[in-house]
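Each chain is listed here by its residues.
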Amino acid sequence: MRIPNPAPVSVLIVLMSFITPPLRAEEPPSQPSGPLPTETSCFNCHSQLDGAALEPTVRAAEDIHFQKGLSCQDCHGGDPTAMDDMDASHNPKKGWTGKPDRLHIPEFCAKCHSDATFMKQFNPRARVDQLSEYRTSVHGQKNAKGDGEVAVCIDCHQVHGIRAISDPRSPVYPTNVAQTCAHCHADAKKMDPYGIPTNQLADYKTSVHFHAISVEGDLAAPTCNDCHGSHGAAPPGVDNVTSVCGTCHPREATLFRETEAKKKMDLSPCIRCMVCHSNHAVLAPKDDMLGVGTTSTCTGCHAEGDNGYAAAGKMAQSIETLKGGLAKANALLDQAERAGMEVSEDRFALQKAKDGLVESRVLAHSFDLDRFLAAANGGIAATDAGVVAAKKAFAELRFRRVGLGLSLLVILAVILALAMKVKELGARPRV
Amino acid sequence: MSVGGAGRLGRILDWLEERAGWSFLVDLGKKKQVPLHRHSLWYYLGGMTLFLFGLQVATGILLLLYYRASAEEAFESVQFIMAKVPFGWLIRSIHSWSANLLIFVLFVHMFSVFFMKAFRKPRELTWISGMCLLFLMLGFGFSGYLLPWNKLAFFATQVGTDIAGAVPVIGHFALRFLRGGEQVTGGTLTRFYGFHVAVLPALTTALVGLHLLLVQKHGMSVPPSIEAQRKAGGEEAKSMSFWPHFLLRDAIGWCAALGVLAALAALFPWELGEKADPFAPAPAGIRPEWYFGWMFQTLKYLPAHILGIEGELLGILGIGLAAMIWVFIPFLDRNPAPGNPVSRLFTLAGWLALAYMAVMTAMVYLPQGH
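Each chain has its residues counted from 1, running along the sequence as written. Ligands are numbered from 1 and chains lettered from A, in the order in which they are written. Thresholds applied to this predicted model are a pLDDT of at least 70 for local features of residues and 80 or more for the giving and counting of side-chain atom pairs; totals over whole chains, interfaces and linings are not thresholded and use all residues. Side-chain numbers come from the whole structure's heavy atoms, not from hydrogens or water.

Before going further, it helps to spend a moment on the overall build of chain A. Helix and strand counts for chain A come out as 23 helices and 0 strands. Contacts between residues were defined by any pair of non-hydrogen atoms, one from each residue, lying within 4.5 Å. The contacts in chain A between residues at least 6 apart in sequence include a share of 59% that link residues at least 24 apart. Method for areas: the Shrake-Rupley scheme with a 1.4 Å probe, in which residue coverage is limited to the protein chains shown. Summed over all atoms, the accessible surface of chain A reaches about 25900 Å², with 61% contributed by carbon and sulfur. Labels follow the DSSP assignment, with helices taken as runs of H or I lasting at least four residues and strands as runs of E lasting at least two, numbered in each case from the N terminus.

Next up, the structure:
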């Protein structure tokens, strides 16, 4: 038998070894590999250690990665099978990278979270744009410039013990986001170097949004990341405020832009949303924000004598007239209903007035007096119709009472006539 | 010979007499005698029931002109009657109030007949036909309650037909028959409408005819106690002729009833409530009409199981048995002489039944938790 020349085979092995890079920690594992997370040499040793070395094992069971079958070596590399041998398990040749430094955590997490193929194994709809989003954020930009103090993944998501974002105990679950952001943003010591105020959480807690999400449990209500973005967190610029608010309040935003286009004027920055509604402390809107009274927000920009001031006064007056008319019509219809009148159709017609009130409140954001008055006057006309209907019901009620009185008189007369006839017929004839 | 009297009307009546011979009715009325004694007042209740039934027929026919029997239109058509049709509110309110008054008067009539032992021989069939009429009137009430297709009626019908469904052997058939399927739907409404305006009126007309014929045949019964007193005292029986004396007094009562109904309709028009929504949860405090209240409350108070038998089933069987005994009372209380202890026991049972029904009905209207 002819023995093959070993030289070409050796060259091929060297070449193949050269062009195939070693398994590095920076590469995502093709799939969860190796022994079960709790059966790794990592878990075995670290669970017997103290302090920071023990920490990764303490909350491992809560960690979404562990729950999905990923283990220590999938992030940190190393040999999970090398029991009781720290050097072997921490072998750089086995991809051991150790603890990543804070500055490089975004890339460390992104090696999997930016890999669409890898992420699809766990969730076909998983986002993989977190790192690129992060790089657009103030946090990401400062991080890229070497600022190790700004937020990285673990500041919001925690490290070891990372819960799914849908888990109500996760720090990034909607009801917990404000507190998570405030962990840094309410800390004056951390914010001072950046010149950022620390009153956002306190302001937000007074807002209608906080009330909706925390008290009413409405998870659709906005918290920090809904306006600022999550991974791409940045303060919205003045020009963007309308877009930010408009994602949830599209009607108001559209009206605002329509007026800008129609009047060929730039309404920024004087009447952007937050000028009237504030930013973090968005209070529940009230009708007295409109008008020229002491609680009005219009008087912040408009003074007596200008057109805006006059328009604000007219708007407020219309709203009050509409509300007053609606209350009156409702009260009268209630009264008529209690008296037994059938007024359900009139009550249904009064819905137009309620619609008019809602519509005019929204149309206040158009800053267009004609459009506003068209809606408000439609509502006022409906309240007038409601009052007329109620009065008609009362007239009908009076008619019924009078009719009843007359009918009873007639019936009484017939009874009397019958009684007289009975009397006329004399005593009961007896047989 | 002129029977119509003088004047134009007299001539018309004479013309009719020649062709139809109507005057026999007057002769009948004159011939018919109504006994006079201290309990004679109760005799007016039969006439009052008949008057209210007539009122129901008249107002019902008027309502038919506008009512539409479908789940889509029933509620709206009643709303239209109440709000738009001239005097529609009056007709519907009188129909509803009169229905309740009719059943109330019917119950009083039934108990008065019972306590005066007017069911005794030879009036057994008069009693049974009267009881059947009572059941028919309850059927009118049950079927009519659903017709406005409002929320309360919808769920009350569901509960009521559920009870019918719990009857052994025929229960499921009865439930499907009443509902026109497994659930209360628009089909049930159409069916109830058919019962209310065709089946029940036809049966009632026939039975009212029979009942009146029997009353006419046997005359009005004198309570045994009065009969005994008269015999003991050697008194002569007193009576008055039906026409014109009794009928004129009857008419006074009818006019008074009309006045009461007019006042109720004008001051407390019958409510319409909210339109039925089969997908909405049942509202709190569903209860049937007051005349079914005592049965409803009985079933409510029964424990889930009694001696291993379902409580509701036992309750339904018990009520059914009691109703059977009540219907056949003329054959059980056969010798209702004043001194007969057996007959006295029946009288006592009647008072207990009346008290039980009154207390249970009142319990329905007591606030929850009492």
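The next point concerns unusual backbone geometry. Excluding glycine, a negative phi dihedral is what most residues carry, and trans is how most peptide bonds are arranged. Residues and elements named next belong to chain B. In this structure, the amide linkage connecting Lys-121 to the following residue, Pro-122, adopts the cis form with an omega of 10 degrees. A cis amide bond, omega 5 degrees, links Trp-243 with the succeeding residue Pro-244. Within the secondary structure, Pro-244 is located in helix 11 (residues 242-267). One non-glycine residue, Phe-87, adopts positive backbone phi at about 60 degrees. Here Phe-87 shows up in the loop between helix 4 (74-83) and helix 5 (88-115). For the exposure calls, accessible area comes from a 1.4 Å probe over protein chains only, and a residue counts as buried if that area is under 20% of its type's maximum, exposed if over 50%, partly exposed in between. In this structure Phe-87 comes out as partly exposed when scored by relative accessible area, which is 43%. Residues other than glycine seldom take positive phi values, yet Leu-307 does so here, at roughly 50 degrees. Topologically, Leu-307 is positioned in the loop between strand 3 (305-306) and strand 4 (309-310).

The interface of chain B with chain A comprises 30 residues on the first partner and 23 residues on the second. Roughly 2300 Å² is buried in total at the junction of chain B and chain A, and carbon and sulfur atoms are behind 71% of that figure. Salt bridge criterion: a side-chain nitrogen from Lys or Arg within 4 Å of a carboxyl oxygen from Asp or Glu. Inspection of the chain B/chain A interface yields 1 salt bridge. Note that Lys-84 of chain B and Glu-345 of chain A form a salt bridge whose closest N and O atoms lie 3.6 Å from each other. By the criterion applied in these results, polar contacts are pairs of N or O atoms within 3.5 Å in which, for protein atoms, one can donate a hydrogen and the other can accept it, and in which residues neighboring in sequence qualify only through two side-chain atoms. Between chain B and chain A we count 2 residue pairs in polar contact (both at pLDDT 80 or more) in total. By definition, the buried area sums, over both parts, the 1.4 Å-probe accessible area that each loses when the two are put together.

A separate point is the packing of helix 3 (residues 44-64) of chain B against helix 9 (residues 186-218) of chain B. Residue and element names in this part refer to chain B. Here an angle of 0 to 180 degrees is reported between the N-to-C directions of two axes, which are lines fitted to C-alpha atoms, with helices fitted over the stretch in contact. At their nearest, the axes of helix 3 and helix 9 sit 12 Å apart, and the two run at 150 degrees to each other. It follows from the interaxial angle that helix 3 and helix 9 lie roughly antiparallel. Helix 9 is crossed by helix 3, and the crossing has left-handed handedness. Taken together, the residues of helix 9 that come into contact with helix 3 (itself represented by Leu-50, Phe-53 and Leu-64) are Tyr-193, Val-197, Thr-204, Val-208 and Leu-212. Considered class by class, the residues forming the contact of helix 3 with helix 9 number 7 nonpolar, 1 polar and no charged. Roughly parallel covers angles under 35 degrees, roughly antiparallel covers those over 145, roughly perpendicular covers 65 to 115, and oblique covers all other angles. By definition, any crossing whose near helix is turned counterclockwise from its far helix by less than a right angle is left-handed, and any crossing with a clockwise turn is right-handed. Classification used: nonpolar for Ala, Val, Leu, Ile, Met, Phe, Trp, Tyr, Cys and Pro, charged for Asp, Glu, Lys and Arg, polar for all others including Gly.

So, on to the nonpolar core. The criterion is simple. A nonpolar core is a set of buried Ala, Val, Leu, Ile, Met, Phe, Trp, Tyr and Cys residues joined through side-chain atoms within 4.5 Å. Counting residues in each nonpolar core, the largest one holds 70 residues, and the members touching the most others are Leu-52, Phe-107, Met-110, Trp-127 and Trp-149 of chain B. Residues in contact with Leu-52 of chain B, not counting those within four places in the same chain, are Ser-98, Leu-101, Leu-102, Val-105 and Leu-261 of chain B. Ranked by size, the runner-up nonpolar core spans 33 residues in total, among them Cys-298, Ala-311, Leu-357 and Ala-390 of chain A.

The next subject is the side chain of Ser-41 of chain A. All names here are of chain A. Mapped onto the secondary structure, Ser-41 falls in helix 2 (residues 41-46). Here Asp-79 takes part through its backbone oxygen, which lies 3.1 Å from a polar atom of the side chain of Ser-41. If we skip the residues at most four places from it in the chain, Ser-41 touches Asp-79, Pro-80, Thr-81, Ala-82, Met-83 and Ser-89.

In this section: the confidence of the model for chain A. For residues with low pLDDT, the predicted coordinates do not support detailed interpretation. Scored by pLDDT, chain A comes out at a mean of 86, with 88% of its residues at no less than 70. On a range of 0 to 100, pLDDT expresses the predictor's confidence in each residue. For residues 18-25 of chain A, every residue scores under 50 in pLDDT, and the model assigns this stretch 7 contacts once sequence neighbours within four places are set aside.

So, on to the pattern of salt bridges. Close approach of charged atoms allows side chains of opposite charge to pair. All names here are of chain A. All told, the structure shown has 26 salt bridges over all chains when counted by the stated rule. As a salt-bridge pair, Arg-102 and Asp-155 come within 2.7 Å of each other at their nearest N and O atoms. Of this pair, Arg-102 sits in the loop between helix 6 (86-89) and helix 7 (105-113) while Asp-155 is found in helix 11 (residues 153-157), placing the two residues 53 residues apart along the sequence. For Asp-155, a relative accessible area of 28% corresponds to the partly exposed category. Its salt-bridge partner being Glu-258, residue Arg-371 comes within 2.8 Å of it at the nearest N-O pair. Highlighted residues: Arg-371 in helix 23 (residues 369-424) and Glu-258 in helix 18 (residues 250-262), separated in sequence by 113 residues. Overlapping salt bridges bring together Arg-59, Glu-62, Arg-163, Asp-167 and Arg-169 as one network.

The next point concerns helix 23 of chain A. A helix is expected to reach a length of 1.5 Å times the quantity of its residues less one. Along its 56 residues, helix 23 of chain A runs 81 Å from first to last C-alpha, staying within 8% of the 82 Å computed at 1.5 Å per residue. Of the residues that open helix 23 of chain A, the one with a side-chain oxygen 3.2 Å from the backbone nitrogen of Asp-370 of chain A is Asp-368 of chain A.

Moving on: the packing of aromatic side chains. Ring pairs (aromatic) are described by centroid distance and by the angle formed between their planes. Residues and elements named next belong to chain B. Here is the rule: rings of Phe, Tyr and Trp (six-membered ring for Trp) pair when centre to centre is within 6.5 Å. Planes less than 30 degrees apart are stacked, more than 60 are edge-to-face, and the remainder are tilted. All told, the structure shown has 32 aromatic pairs over all chains when counted by the stated rule. Summarising the aromatic geometry, the rings of Phe-114 and Trp-127 are spaced 6.5 Å apart at their centres and angled 45 degrees between planes, so their arrangement reads as tilted. Remark: Trp-127 occurs in helix 6 (residues 124-146) and Phe-114 occurs in helix 5; sequence separation between them is 13 residues. Comparing Phe-114 with Trp-127, the two get one shared label, buried. Where Trp-290 meets Tyr-291, the ring centres are 5.3 Å apart and the plane angle is 80 degrees; that geometry is what we call edge-to-face. An aromatic cluster is present here, built from Phe-104, Phe-142, Phe-173, Phe-177, Phe-192, Phe-195, Trp-290, Tyr-291 and Phe-292 joined pairwise through their rings. Lysine and arginine charges are scored as sitting over a ring when NZ or CZ, respectively, is within 6 Å of the ring centre and within 35 degrees of the ring normal. Positioned above the aromatic ring of Phe-242 is the side chain of Lys-32, whose terminal nitrogen or guanidinium carbon lies 5.7 Å from the ring centre. Across from the ring centre of Phe-114, 5.8 Å away, lies the NZ or CZ of Lys-117, which sits over that ring.

Residues and elements named next belong to chain A. Within the sequence span of helix 15 (residues 208-215), burial applies to His-209, Phe-210, Ala-212 and Ile-213. Relative to the axis of helix 15, the buried residues are bounded by an arc of 160 degrees and lie together on one face. Packing partners of the buried residues in helix 15 comprise helix 14 (200-204). One side-chain oxygen of the residue at the start of helix 15 lies 3.4 Å from the amide nitrogen of His-209, identifying that residue as Ser-207. Each direction from the helix axis to a C-beta atom contributes to the arc, which is the arc of those directions.

Turning next to the packing of helix 20 (residues 307-338) of chain A against helix 22 (residues 351-363) of chain A. Residues and elements named next belong to chain A. Where helix 20 meets helix 22, the closest approach of the two axes is 10 Å, and the angle between their N-to-C directions is 160 degrees. With respect to helix 22, the element helix 20 is oriented roughly antiparallel. You can see that helix 20 and helix 22 cross each other, and the crossing is left-handed. Contacts between helix 20 and helix 22 involve Ile-319, Leu-322, Lys-323, Leu-326 and Asn-330 on the former and, on the latter, Ala-353, Lys-354, Gly-356, Leu-357, Ser-360 and Arg-361. The residue makeup of the contact of helix 20 with helix 22, split by class, is 5 nonpolar, 3 polar and 3 charged.

With that settled, consider the environment of Lys-99 of chain A. Checked against the element boundaries, Lys-99 of chain A lands in the loop between helix 6 and helix 7. In this structure the C-alpha to C-alpha distance between Lys-99 of chain A and His-76 of chain A, which are 23 residues apart in sequence, comes to 7.1 Å.

Residue and element names in this part refer to chain B. With respect to the secondary-structure elements, Ser-239 resides in strand 2 (residues 239-241). Judged by relative accessible area, Ser-239 falls into the buried class, the value being 10%. At 3.1 Å, the side chain of Ser-239 and the side chain of Gln-33 are in polar contact.

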